[in-house]
Amino acid sequence: MSDQPKPNNPDSPQASGWNWEMNPDSTEASSSAGSNWLPPSDSTGSGAINSGATNPSWGTATENPAPDNLTGSGFQQVQPGIIPLRPLTAGEIFNGAIQGVRQAPAVMLGAVIGIWAIFSTLSGLIIYLLFPAQLQSLESIGESTVDVDVIGTTLGYLEQSILSSIPSTIFNLIAVSLTTGLCVSAIASLVLGRVPSVGQAWDAAKKHLWKIIAYGVIIFVIETALILLALAPLITSVLYTLGSPDSAGGLLTGALLTILLSLVCFISGVFLLVRFLFTVPIMVMEEAGLGQAFKRSWALTRGNFWRVLGINLLMVVLLSVIFGILSGALGTVMGLAYAVGNLYALLTAISVGVSMLISGFYVPFFSGIQSLLYIDIRMRREGLALTLLRASQSEAQ
């Protein structure tokens, strides 16, 4: 069965805790018990970890093969931290993410929301101070009369909107990278029953920050390229049929091709996002490089695509309902404020900042679920549960 652990699966590297060694000439992991795994275990060979370590090495899966019976005696009951050390159900993954937020609120909520508050404020201020033309255009549209060039004003507003979205996108990328790294490093500790401080989580995450940002940039470029590719037929048909007497037929053809290509690009985008989903947890927990993390994530999700996709779809639905209520309330308040007073510039800047802050609440749950799903797959395929058990027992002594 697919749920049985397979420590010797050739697609699954023999892991040393979170850390593993990559063969530079292959996408698969080296089968040797890597001498370069970091940090090393103690001199006794017991795999004990230092109490202050955030990403310990806990022995190898070959030394601790997982039992054939996943529900065997003494296996399913062990839970030093937020999850039991055995293959997890979807409910246990969601519950573990919630428990992570509850047990380490200083990191998972305090630090995360603080970081997002800073960047959302900066984003709102930049829009208000550096892009007044966009906000003035919005005011002109709201106060338009027959003497106002509404089309020209709207096009000007769209142009300014694109320009003003650049700093917001940059701030959003930095905030996501910072807070995702913090949350993943916190989850790594919470699984062992260790509650990290903000300083400890930051020490574990900061050395991976640039790699996480690079990952975000790569995913953003992929998504943008797929969107542009999907819209290419429609844009091309508009440009070539503009002013043509037979423009309707060309536009219809472009629209149909866009719909078809959009479906293909959407499916491709979802496939790539799922296959690369574990890149950040791998970089933080296994201390892998960016290229190695991409390859490792691709290998881990092989054979687990539909399970990973299903759990993430459920997460998206649940979080969308919860935070959709908050966004709806914000939209209602801002709509009333626009109607009451002529403060488009200020209210638009506030709306952008608050919307960005609300997005920050996704990160602890999203990062927690991705990290626990990654750990779950490693427990299923590599027998990671026993190495985690040894680490938690060593720390308890």
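Residues numbered from 1 in each chain as written. Predicted model: local features only at pLDDT ≥ 70, side-chain atom pairs only at ≥ 80, totals over all residues. Heavy atoms only, no water.

### Let's talk about the confidence of the model for the chain
(1) Moving on: In this model, the chain carries a mean pLDDT of 74, and residues with pLDDT of at least 70 account for 64%.
(2) Moving on: Predicted confidence is poor over residues 144–148, with pLDDT under 50, and the contacts of this stretch with residues over four places away or in other chains come to three contacts. (pLDDT = per-residue confidence, 0-100. Contact = heavy atoms within 4.5 Å.)

### With respect to the side chain of Thr279
(1) Moving on: Relative to the assigned elements, Thr279 resides in helix H8 (residues 279–285).
(2) Moving on: Of the residues examined, Thr279 reaches a relative accessible area of 0% and is grouped as buried.
(3) Moving on: Ignoring any residue separated from it by four or fewer positions in sequence, one finds Thr279 in contact with Tyr215, Leu290, Ala293, Phe294 and Ser297. (Helix = DSSP H or I, 4+ residues; strand = E, 2+ residues; numbered from the N terminus. Buried < 20%, exposed > 50% of the residue type's maximum accessible area, 1.4 Å probe, protein only.)

### Here's the deal with the packing of aromatic side chains
For any pair of aromatic rings, the description consists of the separation of the ring centres together with the inter-plane angle of the planes.
(1) Moving on: Taken as a whole and assessed by the stated rule, the structure comprises eight aromatic pairs.
(2) Moving on: Ring plane angle 85 degrees and centroid distance 5.7 Å describe the contact between Phe271 and Trp298, whose orientation is recorded as edge-to-face. With Phe271 in helix H7 (residues 247–275) and Trp298 in helix H9 (residues 290–300), the pair connects residues that are 27 residues apart, well separated along the chain.
(3) Moving on: When its relative accessible area of 30% is taken as the criterion, Trp298 is described as partly exposed.
(4) Moving on: On the basis of an interplanar angle of 45 degrees and a centroid distance of 5.5 Å, the ring pair of Phe276 and Trp298 is categorised as tilted. Note that Phe276 is positioned in the loop between H7 and H8 and Trp298 in helix H9, a separation of 22 residues in sequence.
(5) Moving on: The class for Phe276 is buried, based on a relative accessible area of 14%.
(6) Moving on: Clustering of aromatic rings is evident, with ring pairs tying together Tyr215, Phe271, Phe276, Phe294, Trp298, Phe305 and Trp306.
(7) Moving on: Directly above the ring of Trp298 sits Arg275, whose terminal nitrogen or CZ lies 4.1 Å from the centroid. (Phe/Tyr/Trp six-rings, centres within 6.5 Å; stacked < 30°, edge-to-face > 60°. Lys NZ or Arg CZ within 6 Å of the ring centre and 35° of its normal.)

### Quick word on the nonpolar core
(1) Moving on: Of all hydrophobic cores here, the largest spans 71 residues; its most connected members are Val191, Phe278 and Ile375.
(2) Moving on: Ranked by residue count, the leading element in this core is helix H4 (residues 150–190), at ten residues. (Core = buried A, V, L, I, M, F, W, Y, C linked by side-chain atoms within 4.5 Å.)

### As for the environment of Ala117
(1) Moving on: Its location among the elements puts Ala117 in helix H2 (residues 105–130).
(2) Moving on: Overall, Ala117 belongs to the partly exposed group, its relative accessible area being 28%.
(3) Moving on: Put simply, Ala117 and Gly360 are 243 residues apart on the chain and 8.4 Å apart in space, counted from C-alpha to C-alpha.

### With respect to unusual backbone geometry
(1) Moving on: A positive phi is found at Glu287, a non-glycine position, where the angle reads about 55 degrees.
(2) Moving on: Take Glu287: it is sitting in the loop between H8 and H9.
(3) Moving on: Judged by its relative accessible area of 27%, Glu287 is partly exposed.

### Section: the side chain of His208
(1) Moving on: As for its placement among the helices and strands, His208 is situated in the loop between helix H5 (198–206) and helix H6 (209–241).
(2) Moving on: Its relative accessible area of 3% is what places His208 among the buried residues.
(3) Moving on: Apart from the residues lying within four places of it in its own chain, the contact partners of His208 are Met283, Val284 and Glu287.

### A closer look at the environment of Phe305
(1) Moving on: Counting through the fold element by element, Phe305 comes out in helix H10 (residues 305–340).
(2) Moving on: Along the backbone, Phe305 and Phe271 are 34 residues apart, and their C-alpha atoms lie at a distance of 8.3 Å.
(3) Moving on: Excluding residues within four positions of it along the chain, Phe305 makes contact with Phe271, Val274 and Arg275.

### Focus: the packing of helix H1 (residues 90–103) against helix H12 (residues 362–382)
(1) Moving on: Where H1 meets H12, the axes come as close as 8 Å, and the angle between the chain directions of the two elements is 130 degrees. Taken as axis vectors, H1 and H12 run oblique relative to one another. Note on packing geometry: the crossing formed by H1 with H12 is right-handed. Between H1 and H12, the residues in contact are Ile93, Phe94, Gly96, Ala97, Ile98 and Val101 and Pro364, Phe365, Gly368, Ile369, Leu372, Leu373 and Asp376, respectively.
(2) Moving on: Taken together, the residues of the contact of H1 with H12 break down into ten nonpolar, two polar and one charged. (Axes fitted to C-alpha atoms, helices over the stretch in contact; angles between N-to-C directions. Parallel < 35°, antiparallel > 145°, perpendicular 65-115°, else oblique. Left-handed = near helix turned anticlockwise from the far one by under 90°. Nonpolar A, V, L, I, M, F, W, Y, C, P; charged D, E, K, R; others polar.)

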